[in-house]
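If you want the building blocks of each chain, they are given just below.
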Amino acid sequence: MGLIVCTIHTILAYIMAVYFIASIFYMIATIFVGTPFSDSLTEEQEKIKKKSARKRGLIFLVGICIGIVLCIYFHPFKKCNCPK
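About the thresholds
- Residues numbered from 1 in each chain as written.
- Predicted model: local features only at pLDDT ≥ 70, side-chain atom pairs only at ≥ 80, totals over all residues.
- Heavy atoms only, no water.
- Helix = DSSP H or I, 4+ residues; strand = E, 2+ residues; numbered from the N terminus.
- Buried < 20%, exposed > 50% of the residue type's maximum accessible area, 1.4 Å probe, protein only.
- Areas by Shrake-Rupley, 256 points an atom, 1.4 Å probe, with all protein chains shown as cover.
- Phe/Tyr/Trp six-rings, centres within 6.5 Å; stacked < 30°, edge-to-face > 60°.
- Patch = residues over 30% accessible without salt bridge, like charges linked within 9 Å, V, L, I, M, F, W, Y side chains within 5 Å.
- Salt bridge = Lys/Arg side-chain N within 4 Å of Asp/Glu carboxyl O.
- Lys, Arg positive; Asp, Glu negative; His and termini not counted.
- Charge placed at Lys NZ, Arg CZ, Asp CG, Glu CD.
- Expected span 1.5 Å × (residues − 1).

1. Some details on the overall build of the protein
Turning to step 1, where the next piece is worked out: Check the secondary structure of the protein and you find three helices and zero strands.
Turning to step 2, where the next piece is worked out: Relative to its 84 residues, the protein shows a buried fraction of 2%.
Turning to step 3, where the next piece is worked out: Of the roughly 8,500 Å² of accessible surface on the protein, a fraction of 73% belongs to carbon and sulfur atoms.

Okay, here's the thing in structure tokens:
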């Protein structure tokens, strides 16, 4: 067996960090902007929106679970734990 060289480009880590920071900033900044769309919804439309949000949240949660199971099963970064 040959020597396994493991390199992971840090660009992905930077992209993830920028996305995380932008998401936090967005959540904080939009508190002060208000929600004109949500304020204009009728009670019936609000119920539809909440039902849809619940369904989409569940779909996202299932996706996270699938991702965790696949990562545990396949160990995609196992070779990257090698000492340098």
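Here the narrative resumes, following the displayed structure.
2. Description of the packing of aromatic side chains
Turning to step 1, where the next piece is worked out: For the structure on display, the rule yields one aromatic pair.
Turning to step 2, where the next piece is worked out: Aromatic pair Y73 and F74: ring centres 4.8 Å apart, planes at 85 degrees, arrangement edge-to-face. You'll find Y73 and F74 in the same group, each marked exposed.

3. A short note on a positive patch on the surface
Turning to step 1, where the next piece is worked out: The grouping of K49, K50, K51, R54, K55 and R56 at the surface amounts to a positive patch.
Turning to step 2, where the next piece is worked out: For K49, the location among the structural elements is in helix 3 (residues 43–74).

4. Here's the deal with helix 1 (residues 11–33)
Turning to step 1, where the next piece is worked out: Counted at 1.5 Å a residue, the expected span for helix 1 with its 23 residues is 33 Å, and the 32 Å between its end C-alpha atoms agrees.
Turning to step 2, where the next piece is worked out: For helix 1, the buried fraction is low: zero of the 23 residues fall into the buried class.
Turning to step 3, where the next piece is worked out: One or two steps after helix 1, the chain reaches G34, where phi turns positive at roughly 95 degrees.

5. Some points on a nonpolar patch on the surface
Turning to step 1, where the next piece is worked out: Taken together, the side chains of L58, F60, L61, V62, I64, I66, I68, L70, I72, Y73 and F74 present a nonpolar region at the surface, about 1,200 Å² in accessible area.
Turning to step 2, where the next piece is worked out: Structurally, L61 can be placed in helix 3.
Turning to step 3, where the next piece is worked out: When its relative accessible area of 47% is taken as the criterion, L61 is described as partly exposed.

Nothing here speaks to function; it is all geometry.
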